[in-house]
Amino acid sequence: GKQLRDFKDAHTKNDGRLRFSKQNVVYKSSKTGKVDNIPAAELSVATWRRVCLGHGIKLATSSGHVYKYDGFRDTDYERISEFFKANYKVELTEKDMCVKGWNWGTAKFSGPLLSFDVNDSSVFEIPLASVSQCATGKNEVTLEFHQNDDSEVSLMEVRFYVPPGPADEGADPVEAFAQNVRSKADVIQATGDAVCVFKELQCLTPRGRYDILIYPAFLHLHGKTFDYKIPYTTVLRLFLLPSKDQRQMFFVISLDPPIKQGQTRYHFLILHFSKEEELKLTLNMSEEEVEKRYEGKLSKNMSGSLYEMVSRVMKALVNRKITVPGNFQGNTPGAQCITCSYKAQSGLLYPLERGFIYVHKPPVHLRFEEISSVNFARGTTTTRSFDFEVETKQGNQFTFSSIEREEYGKLFDFVNAKKLHIKNRGFKEGLVGASWYSDSDDDQHDAYLERMKAEGKIREEGDGSNDSDEETGEYDSNASESDSGSGGDGSGDEGKKKPAKKAKVVKEKRERKPRKGKKQKDTNAPKRPMSSYMLWLNSSRERIKSENPGISITEISKKAGEMWKQIGKEDKEEWDGKAEEAKKTYEKAMKEYRESGGGSSTPAKKESKKEDKKRKSGGGEKEKEQGGNDSFKSREFISSEESSSDGERKKAKKAKKAKGTPQSRDKVLHCHHGNNRMD
């Protein structure tokens, strides 16, 4: 006794599921999750007609509501007609649309629809709930419509020419037409006093502080620049979410259709509260009227936290439940959310009982029933975090990045308990908690660490050998002199060779001294220019702080780096130009500073350099005299050896290492002896 298939809501063009049962007709939108529930007893008229998307069905109820669904096939007519006769006692009648193309006809208002007919056949129908404005002119009525964000092209305006009526009639036909439209249209007009007013509430989206005026049928956001009127019929869901520090609260209102500010669409209204804010509220109604209209949900005088007052009033007027976080507990004690980033913006991800919601920029709500799979991926920027990827059945992918790896175990258990499909489940099921992530990171880090340790060990050995030569060089040279006097050729050759190495080491150490002096900063010199990134960061730091309350200094730098990557080429060229101007200014100032005598080296330094050169040359000559004729080397030879290539330095290091064992030392001495004979 069921007919269950995919169809489209003809009003919003959203895909969904339509089910015919003996008790009711139920349609559920795949995009928003909104449900149309039509009891079978209320069905009064059912019409089958040919539309642009094949065939459609139009259902009217005894309460005056009209529902239209498209996407049927021609062969569905007989089955649906028989089902309606047997269960609903309603005849499914066929009705043709007028396709003559005439633009002169009769406007008929039937419930929430405006039908334009030619010869009793409908040309088109306008759901008056889609009308956002109705303006009148001389013999003319203009209807403006809400924009459909899911369509590439939207109908924004229709004008009707209304001919003047007979002179004896007092009523203006233009005003009568407009009044019929306004009575059913989504044109909000404030009539009477507001039920209550909340002053200066902080709103994250749209950003700013707004006064919220609560009316029986809509709420009015009044700001310094923009005003928004939101009918309660457009509210889909309400969320009350505690922040991670448990000191603040987010109250989220999901809207469909969204409110508009220029070309920007806001599907969520997010109010930000502090738990410490208190309020005493008095409704602008009598006790009897409050009791009659809201049935005990509200009272005339209320007091409590500001967020509790706002959520309580909204729940009563919108008549929808407020969704709060479920049993999920993050790694931080008491936190029911996870800190992460989405599209280069830091925010909070709340795992709920039936979905995920991310606040706040941009807000995202994902229901479990529209999720096809989730995936845990390694972080792209650091190994201390991971990414959580969600793919919907429509093919859209949402990536929440920079999640601390300590949150992995809690999030994985939550997703697993909700029976969501995990793409890389097989890789993780055999691992406990966050050990998958920490183990893999440790292995990767150890490989790199071992390589760095090996390189550092080689450097330390090289530095240590140089230092030991410097300390023992004089002793070895003296020993070689005494050995050479007693006829020890091998040891004498070694002693003759070492003074050259000593000179080399001493020169390296003396070269380091002026480097330390160079590092001293000249306080009088002009400051170096900043790069384009640093210029942009200085101008954007306060904005980043305001958009991310409570963000730390390190997170500001990280967030700024992500935002800088997202900046377009044109914007970066602007900051590159500013950096280039700063560089030119610095070069000009530096030139003037040097011409005025700033930054020049003193004569005393030059003299000290000359003395160092003399010491080196004097020490070399003494060593040559001690070494004998065989070990004589000119200054040119010493300087060339001092500026030897890297390959020769490596050979020298190997020779020094060879001192560790007697055999290797003998070989080195023999080699030196052979070289001296050839010399």
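Owing to the predicted nature of the structure, the values given are computational and were not obtained by experimental measurement.

Novice: Teacher, can you tell me more about the sheet that holds strand β9 (residues 106-110) here?
Specialist: Neighbouring strands of a sheet are bound in pairs by backbone hydrogen bonds; such pairs are parallel or else antiparallel. Taken together, the three strands give an open sheet; going across it, the order is β9-β10-β11, and neighbouring strands pair in antiparallel fashion. At either end of the open sheet lies a strand with only one pairing partner, and these are β9 and β11 (121-127). For this sheet the average axis-to-axis angle between neighbouring strands, irrespective of direction, equals 25°. Here strand β10 (residues 113-118) runs beside β11; their pairing, made up of six bridges, is antiparallel. Counted as the bridge partner of L114 is I126 from β11.

Novice: What's the story with the side chain of H365 in this structure? I'm lost.
Specialist: Locating H365 in the fold gives a position in strand β28 (residues 364-367). For H365, a relative accessible area of 17% translates into the label buried. Beyond its immediate sequence surroundings of up to four residues, H365 is in contact with R237, F239, F268, F356, I357 and E370.

Novice: What should I look at first to understand unusual backbone geometry in this one?
Specialist: The phi angle of most residues is negative, glycine excepted, and most peptide bonds adopt the trans form. T205 connects to P206 through a cis peptide bond whose omega is -5°. Tracing the backbone shows P206 in the loop between β15 (196-205) and β16 (208-214). Unusually for a residue other than glycine, S402 sits at a positive phi of about 60°. Topologically, S402 is positioned in strand β31 (residues 397-404).

Novice: For this particular structure, what's the right way to read the side chain of T47?
Specialist: Within the secondary structure, T47 is located in strand β5 (residues 43-51). A residue is classified by how much of its surface remains accessible, and T47, at 11% relative accessible area, is buried. Every residue in contact with T47, bar those within four places of it in the chain, is listed here: G56, I57, K58, L92, T93 and K95.

Novice: Would you mind showing me how to read helix α1 (residues 76-88) here?
Specialist: In an α-helix, one turn spans 3.6 residues; hence positions three or four apart end up facing the same way. Here α1 spans 17 Å end to end across 13 residues, near enough to the 18 Å set by a 1.5 Å rise per residue. Here α1 has its buried residues at D76, Y77, I80, S81, F83, F84 and Y88. One side of α1 carries all its buried residues, which in axial view fall inside an arc of 165°. Away from its buried face, by an angle of more than 90 degrees, α1 presents the exposed residues E78, E82 and A86. Note on α1: the residue one or two positions beyond its end, K89, has a positive phi of about 55°.

Novice: I would appreciate a short explanation of the sheet that holds strand β13 (residues 140-145) in the present structure.
Specialist: Pairing is antiparallel in the open sheet, where three strands are placed in the order β12-β13-β14. Looking at which strands have only one partner, the edges of the open sheet turn out to be β12 (131-137) and β14 (157-161). This sheet shows a mean twist of 15° between the axes of neighbouring strands, independent of strand direction. Contacts from helix α2 (residues 173-184) reach β12, β13 and β14 within the one sheet, and its direction differs from that of β12 by about 170°.

Novice: What is the right way to read the nonpolar core from this model?
Specialist: Burial of nonpolar side chains together is a common tendency in soluble globular proteins. Judged by nonpolar contacts, the single largest core of 41 residues is most densely connected at F198 and I214. Considering every element that reaches this core, the biggest residue donor is helix α4 (residues 306-318), with nine residues. Once residues within four sequence positions are removed from consideration, F198 is found in contact with Y210, D211, I212, I214, L279, L281, L306, M309, V310 and V313.

Novice: Which parts of the structure should I look at to understand the packing of helix α9 (residues 532-547) against helix α10 (residues 553-566)?
Specialist: The description of two packed helices rests on the angle between their axes and on the distance between the axes. For the pair α9 and α10, interaxial distance at closest approach is 10 Å and the crossing angle is 115°. Between α9 and α10 lies a crossing whose hand is right-handed. Across the interface between the two elements, S532, Y533, W536, L537, R541, R543, I544 and K545 of α9 pack against I556, S557, K559, A560, G561, M563 and W564 of α10. Among the residues forming the contact of α9 with α10, the class breakdown is eight nonpolar, three polar and four charged.

Novice: Explanation requested: the pattern of salt bridges in the structure shown.
Specialist: A side chain of one charge can pair with a side chain of the opposite charge when the charged atoms of the two come close. Per the counting criterion, the structure on display carries 19 salt bridges. Measuring nitrogen to oxygen at the nearest pair gives 3.3 Å for the salt bridge that ties E125 to K68. Of the two residues, E125 sits in strand β11 while K68 sits in strand β7 (residues 66-72), which places them 57 residues apart along the sequence. Exposure remark for K68: the relative accessible area of 10% places this residue in the buried category. When the shortest N-O distance is used, the salt bridge between K361 and E547 registers 3.4 Å. In this pair, K361 is assigned in the loop between β27 (355-359) and β28 and E547 in helix α9, connecting sequence segments 186 residues apart.

Quick notes on the rules
- Residues numbered from 1 in each chain as written.
- Predicted model: local features only at pLDDT ≥ 70, side-chain atom pairs only at ≥ 80, totals over all residues.
- Heavy atoms only, no water.
- Pairing = 2+ DSSP bridges.
- Helix = DSSP H or I, 4+ residues; strand = E, 2+ residues; numbered from the N terminus.
- Axes fitted to C-alpha atoms, helices over the stretch in contact; angles between N-to-C directions.
- Buried < 20%, exposed > 50% of the residue type's maximum accessible area, 1.4 Å probe, protein only.
- Contact = heavy atoms within 4.5 Å.
- Expected span 1.5 Å × (residues − 1).
- Arc of directions from axis to C-beta.
- Core = buried A, V, L, I, M, F, W, Y, C linked by side-chain atoms within 4.5 Å.
- Left-handed = near helix turned anticlockwise from the far one by under 90°.
- Nonpolar A, V, L, I, M, F, W, Y, C, P; charged D, E, K, R; others polar.
- Salt bridge = Lys/Arg side-chain N within 4 Å of Asp/Glu carboxyl O.

On their own, these measurements won't tell you what the molecule is for.
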